[in-house]
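Take a look at the letters that make up each chain.
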Amino acid sequence: MRKFSILIPSWNNLAYLQLCVRSIEQNSASQHEILIHVNDGSDGTLEWVQKKGLKYTHSEKNIGVCWALNTLRPLVTTDYMVFVNDDMYLLPGWDTVFDEEITRIGHNQFFLSSTVIQPKPDVLKHLSVPVADFGSTPESFREADLLAHYQELPCEDWMGATSPPNIVHRDIWDLVGGYSIIYSPGMASDQDFSAKLWLAGIRDFRGLANSRCYHFISKSVERISKNWGGLQFLRTYGVTLRLFRRNILYIDDPVSAPVDRPWELRFNRMRSWIKRLYTAWRDTKGLKLLD
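Here's a quick rundown of the structure. Source: prediction; values computed, not measured.

### So, the overall build of the protein
The secondary structure content of the protein amounts to 10 helices and 9 strands. Per-residue burial for the protein yields a buried fraction of 54% across its 291 residues. By sequence separation, contacts in the protein at least 24 residues apart represent 77% of the contacts at least 6 residues apart. If you sum the accessible surface of the protein, you get close to 13,500 Å²; carbon and sulfur atoms cover 54% of it.

Structure below.
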């Protein structure tokens, strides 16, 4: 019996996708349903997925992560959906930690993330992302070293789950309508999904330190023409991404001691107000926004 449904959008990243799928097969404690959306697939991805016998959907061009995830939803047959990027390598114990935490919680009103290890800091320099370089490509990947040392990297459970790998009950996914296509091809879509969960009453947003993966970092994002996700988020919710991440989700704070930020909250309210005025001014000028 399959435990989770793992949704993986992939865009001509065959070598990374092969590593990702292999990590799921060899490092998972349970059997899972692997679902792939093949964007384009002209690099051999489509043929590889077909030959391997994986369940998949396909688009002739890259439709972005939001459309891809929503396209995969009808294939899901388990209760829990896990979103994984194709340039991620899941580490032993990732699913056991999720499973045990779900049992401990006892209901489906939550959103959990794994802790991501990266070869260099991400753009936002998240404190919850341990930095350790085990390679930035499949060719330079030091898999044996990673498997030997990933548990030694310091981290504790943290607040503010947004990014993959993440897990949510399919009823909660359906309640908020999946990923919002207005964020296509995907910038700020993770935060938007968390915001929709928040509006639906979810308050448990946590990253689990002992559910870990290695991320080669944005091997598709660096190739796309990006939408203006931060502005779209502001226009949708009336707050900045920074305010939502830091003052509502408390992202990066340890679960044991979240930080109170009343001054920062007031500052960001002012910042949001200024940005709303700026957006309104641009709209009146008839300038096209790159949302």
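### Quick look at the packing of helix H1 (residues 14–27) against helix H2 (residues 45–52)
Where H1 meets H2, the closest approach of the two axes is 10 Å, and the angle between their N-to-C directions is 25°. Considering their axes alone, H1 and H2 lie roughly parallel with respect to each other. Where H1 crosses over H2, the handedness of that crossing is right-handed. Each of Leu14, Leu17, Gln18, Val21 and Glu25 in H1 lies in contact with H2, whose residues at this interface are Thr45, Trp48, Val49 and Lys52. Partitioned by chemical class, the residues of the contact of H1 with H2 number 5 nonpolar, 2 polar and 2 charged.

### Regarding the layout of surface pockets
Counted as a void, the second largest pocket has a volume near 230 Å³. In this structure, the second largest pocket is lined by 13 residues; those nearest its centre are Arg2, Gln31, His32, Glu33 and Ile34. Residue assignment for the lining of the second largest pocket shows that the elements contributing at least two residues are H1 and strand S2 (33–39). Here the lining of the second largest pocket is built from residues that sort into 4 nonpolar, 5 polar and 4 charged.

### Here we look at the nonpolar core
A general trend in soluble globular proteins is that nonpolar side chains are found buried together. Phe4, Ile8, Ile36, Val84 and Ile167 are the most contacted members of the largest nonpolar core, which totals 31 residues. Excluding anything up to four places from it in sequence, valine 84 contacts Ile6, Leu7, Ile8, Pro9, Cys20, Leu90, Pro164 and Pro165. Membership of the second largest hydrophobic core comes to 29 residues, among which are Val65, Ala161, Phe205 and Val239.

### Some words on the pattern of salt bridges
Evaluated as defined, the whole model comprises 11 salt bridges. One salt bridge in this structure joins lysine 52 and glutamate 25, with 3.2 Å as the shortest N-O distance. Here lysine 52, found in helix H2, pairs with glutamate 25, found in helix H1; they are 27 residues apart in sequence, far enough to count as distant. What makes glutamate 25 partly exposed here is its relative accessible area of 45%. Close ionic contact of arginine 170 with aspartate 79 constitutes a salt bridge, the shortest N to O distance being 3.9 Å. You can see arginine 170 sitting in helix H6 (residues 170–176) and its partner aspartate 79 sitting in the loop between helix H3 (64–72) and strand S4 (80–83), a full 91 residues away along the chain. Classification of arginine 170 by relative accessible area gives partly exposed; the value is 25%. Classification of aspartate 79 by relative accessible area gives partly exposed; the value is 40%. One connected set of salt bridges, linked through shared partners, spans Glu101, Arg104, Asp204 and Arg206.

### Points about the packing of aromatic side chains
If you walk through the whole model with that rule in mind, you get 19 aromatic pairs. Ring centres of phenylalanine 134 and tyrosine 214 lie 6.0 Å apart, and the angle between their planes is 80°; this geometry places the pair in the edge-to-face category. Highlighted residues: phenylalanine 134 in the loop between strand S6 (111–117) and helix H5 (143–149) and tyrosine 214 in strand S9 (residues 205–215), separated in sequence by 80 residues. Tyrosine 214 carries the same exposure label as phenylalanine 134, and that label is buried. An aromatic cluster is present here, built from Phe83, Phe111, Trp173, Tyr179, Phe193, Trp198 and Phe205 joined pairwise through their rings.

Thresholds applied
Residues numbered from 1 in each chain as written. Predicted model: local features only at pLDDT ≥ 70, side-chain atom pairs only at ≥ 80, totals over all residues. Heavy atoms only, no water. Helix = DSSP H or I, 4+ residues; strand = E, 2+ residues; numbered from the N terminus. Buried < 20%, exposed > 50% of the residue type's maximum accessible area, 1.4 Å probe, protein only. Contact = heavy atoms within 4.5 Å. Areas by Shrake-Rupley, 256 points an atom, 1.4 Å probe, with all protein chains shown as cover. Axes fitted to C-alpha atoms, helices over the stretch in contact; angles between N-to-C directions. Parallel < 35°, antiparallel > 145°, perpendicular 65-115°, else oblique. Left-handed = near helix turned anticlockwise from the far one by under 90°. Nonpolar A, V, L, I, M, F, W, Y, C, P; charged D, E, K, R; others polar. 1 Å grid on protein atoms, 1.4 Å probe; cavity = no way out; pocket = protein on both sides within 12 Å on 5 of 7 lines; lining within 4 Å. Points joined across faces, edges and corners; volume = space filled by probe spheres on them. Core = buried A, V, L, I, M, F, W, Y, C linked by side-chain atoms within 4.5 Å. Salt bridge = Lys/Arg side-chain N within 4 Å of Asp/Glu carboxyl O. Phe/Tyr/Trp six-rings, centres within 6.5 Å; stacked < 30°, edge-to-face > 60°.

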